[in-house]
Amino acid sequence: MRRGTVWFALVVIAATSEAVAQDRWPFNVFKQQEEASKAYKRPPARPPPRRRQGPTREPILAAPRGQPASWYWRITKASWTQTDEKAFEGFVARIGESGCRNVHACLTSATSNPMFHTSNPPGMTFYADCADLPYMLRAYFAWKNGLPFSYSSAVLPIGATRDIRYTRLGNRVIARHQVVGPVVDARRAIRRMVDTISSAHYRYPPRQTDRMLPDHYPVAITPKSIRPGTLVYDPNGHVAVVYKVGADGRIHYIDTHPDNSLTRGVYGRSFVRSSPGMGAGFKRWRPQRLVGAKRDEDGYLAGGEIVLAPDRDIPDWSDEQVYGNAGGGERTWRRAEFVIDGQSVDYYEFVRKRLAGVGFRYDPLNETREMVRTLCGDAKYRVDAVNVAVK
């Protein structure tokens, strides 16, 4: 009887895994967690514009003299270099490995954010639900490293829909917002961004030809592309950020929830494949470049416009997640074939084996051990969520 009860509990936990769509997360009625979420109230959504607009900009402050304040966002580099990208990966990986349990704690703790926590403005709180998390991490890192940042600020559905987060054919970008110098208030810029982003900003077809490009692009399933900072989008409405890929090919991610809690999980079948327009799968940040800016007398970049790299200029752009790596087309995504070592395999097995080290073989005991560890972790997150709700 006891064994049956334990097995039933594990099945229930698995059925409500962390990858369940954020927008229908069962604990979204919980009180906001700790001071960050208590201080944050998301404003009501505003209807998007009905046609494309020129890029908007964060309000620019007069260039101050003397010691810069901790909330200044000043641009020193025109683009992200490989060194910046590598440092961003380390930033995300450290948060993932640290064990921090909510967004505010992750960005203000010496353990999870040793490089930048002391430079946070006094009293600033950090909040992000699942759709916000990739943007929060990217914008925060850009701010702390003098990098330009731009994001899609409005999208429209391709075709008719009742909810732009769940469009069948996907969305298109019709407006962008840019953070350019000489001086921007990071506190307001990040709050504005969090108020803007939803899971609709990840739902795009893989091939992009519009003048306004989405913030992310689909990647090939390789160790060079699936690494810390890569995000994974579930078209049921959930988004997570990769923080580690193990030698056994397991993809470990962090995700967040409306109570500002941050949880960890392992990629699997709960992140579904979908038709091309829904944009499911792994994505990375599209390269951005600030053009037309001028350096002021203090060496900071002022003005200019941020330009995104088109698909053709991105070496690891790939639509193999949709169409497979053995041929396919727009109408045959359901029959996409995934081949590894000359053998056709299931998509999730393909991902695992592509990312695993040379000579990897499944170990049944280790697989069971990891599955139980994941389920136990899920159970602990549920306990924490209930404790927050009843306080």
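Computed from a predicted model, the values in this text were never measured in an experiment.

Engineer: How would you summarise the pairing of strand β12 (residues 288–291) if you had to cite specific residues and measurements?
Structural biologist: The two faces of β12 differ: Gln288 and Leu290 on one face are buried, but Arg289 and Val291 on the other face are not. Across four bridges, the pairing between β12 and strand β15 (residues 305–308) is antiparallel. Its bridge partner lying in β15, Leu290 is registered against Ile306.

Engineer: For the packing of aromatic side chains, give the residues involved together with the corresponding values.
Structural biologist: Within a pair of aromatic rings, the relevant descriptors are the distance that separates the centres and the angle that separates the planes. Counted under the stated rule, the structure contains 25 aromatic pairs. Taken together, the ring pairs connect Trp80, Phe88, Phe91, Phe116, Phe126, Tyr140, Phe141 and Trp143 into an aromatic cluster. Sitting over the face of the ring of Phe88, Arg138 holds its NZ or CZ atom 4.8 Å from the ring centroid. Above the face of the Trp143 ring, Lys144 is positioned so that its terminal group lies 3.9 Å from the ring centre.

Engineer: So, the environment of Trp73: which residues are in play, and what are the values?
Structural biologist: Structurally, Trp73 can be placed in strand β2 (residues 72–73). A sequence separation of 108 residues divides Trp73 from Gly181, and the C-alpha atoms of the two residues are 7.6 Å apart. Once you skip the residues sitting within four places of it in the chain, Trp73 turns out to touch Ala139, Ala142, Trp143, Leu147, Phe149, Val179, Pro182, Val183, Val184, Ala186, Ala189 and Ile190.

Engineer: Tell me about the state of the cysteines, and name the residues and values.
Structural biologist: Following the criterion strictly, the structure yields one disulfide and no others. Linked covalently through their sulfurs, Cys100 and Cys106 form a disulfide whose S-S length is 2.0 Å. Measuring handedness by torsion sign, the sulfur bridge of Cys100 and Cys106 sits at about 95 degrees and is right-handed. In this pair, the class of Cys100 matches that of Cys106, namely buried.

Engineer: Kindly report on the pattern of salt bridges, identifying the contributing residues and their values.
Structural biologist: Inspection of every chain in the model, using the stated rule, returns 16 salt bridges. As a salt-bridge pair, Arg165 and Asp163 come within 2.6 Å of each other at their nearest N and O atoms. Classification of Arg165 as partly exposed rests on a relative accessible area of 25%. Measuring nitrogen to oxygen at the nearest pair gives 3.1 Å for the salt bridge that ties Glu320 to Arg354. Of the two residues, Glu320 is situated in helix α7 (residues 320–323) and Arg354 in helix α8 (residues 347–355); the sequence distance between them amounts to 34 residues. Look at Glu320 and you get buried, because its relative accessible area is 9%. Residue Arg354 is classed as partly exposed on the basis of its relative accessible area, which comes to 25%. The structure contains a network of salt bridges with shared partners spanning Lys86, Glu89 and Arg227.

Engineer: Requested: an account of the packing of helix α3 (residues 82–98) against helix α5 (residues 132–144), with residues and values cited.
Structural biologist: Direction vectors running N to C along α3 and α5 enclose 125 degrees, while the axes themselves pass 11 Å from each other. By the angle between their axes, α3 is oblique relative to α5. Handedness of the α3/α5 crossing: right-handed. Contacts from Asp84, Glu85, Ala87, Phe88, Phe91, Val92 and Ile95 of α3 reach α5 at Leu137, Arg138, Tyr140 and Phe141. Counted by class, the contact of α3 with α5 contains eight nonpolar, no polar and three charged residues.

Engineer: I'd like a description of the side chain of Lys283, backed by residues and values.
Structural biologist: Position of Lys283 among the secondary structure elements: in strand β11 (residues 281–285). Buried and unpaired, Lys283 has no salt bridge, with Asp311 as the nearest side chain of opposite charge at 10 Å. Only 3.3 Å separates the side chain of Lys283 from the backbone oxygen of Tyr202, close enough to count as a polar contact.

Engineer: Any details on the nonpolar core? Residues and values, ideally.
Structural biologist: Counting residues in each nonpolar core, the largest one holds 53 residues, and the members touching the most others are Trp73, Phe91, Leu137, Phe149 and Met193. Elements supplying a minimum of two residues to this core: α3, α4 (103–108), α5, β3 (149–157), α6 (186–196), β7 (231–234), β8 (238–245) and β15. No other element matches α5, which puts nine residues into this core. When residues no more than four places from it in sequence are discounted, the contact partners of Phe149 are Trp73, Tyr135, Arg138, Ala139, Ala142, His177, Gln178, Val179, Met193, Trp285, Gln288 and Ile306.

Engineer: Now, about the pairing of strand β9 (residues 251–256): what can you tell me, with residues and values included?
Structural biologist: β9 sits mainly inside the fold: six of its six residues count as buried. As judged from the four bridges shared by β8 and β9, these two strands associate in the antiparallel manner. Residue Val245 lies in a different strand from β9, and its bridge partner there is Ile251. Between β8 and β9, which pair antiparallel and follow one another directly, the connecting turn spans five residues, one of which, Gly249, has a positive phi of 85 degrees. Judged from the five bridges that link them, β9 and strand β10 (residues 262–266) form a sheet pairing that is antiparallel. What sits directly across from Thr256, in β10, is Leu262.

The rules behind each value
Residues numbered from 1 in each chain as written. Predicted model: local features only at pLDDT ≥ 70, side-chain atom pairs only at ≥ 80, totals over all residues. Heavy atoms only, no water. Buried < 20%, exposed > 50% of the residue type's maximum accessible area, 1.4 Å probe, protein only. Helix = DSSP H or I, 4+ residues; strand = E, 2+ residues; numbered from the N terminus. Pairing = 2+ DSSP bridges. Phe/Tyr/Trp six-rings, centres within 6.5 Å; stacked < 30°, edge-to-face > 60°. Lys NZ or Arg CZ within 6 Å of the ring centre and 35° of its normal. Contact = heavy atoms within 4.5 Å. Disulfide = S-S within 2.5 Å. Salt bridge = Lys/Arg side-chain N within 4 Å of Asp/Glu carboxyl O. Axes fitted to C-alpha atoms, helices over the stretch in contact; angles between N-to-C directions. Parallel < 35°, antiparallel > 145°, perpendicular 65-115°, else oblique. Left-handed = near helix turned anticlockwise from the far one by under 90°. Nonpolar A, V, L, I, M, F, W, Y, C, P; charged D, E, K, R; others polar. Lys, Arg positive; Asp, Glu negative; His and termini not counted. Polar contact = N/O pair within 3.5 Å; in protein donor to acceptor, adjacent residues only side chain to side chain. Core = buried A, V, L, I, M, F, W, Y, C linked by side-chain atoms within 4.5 Å.

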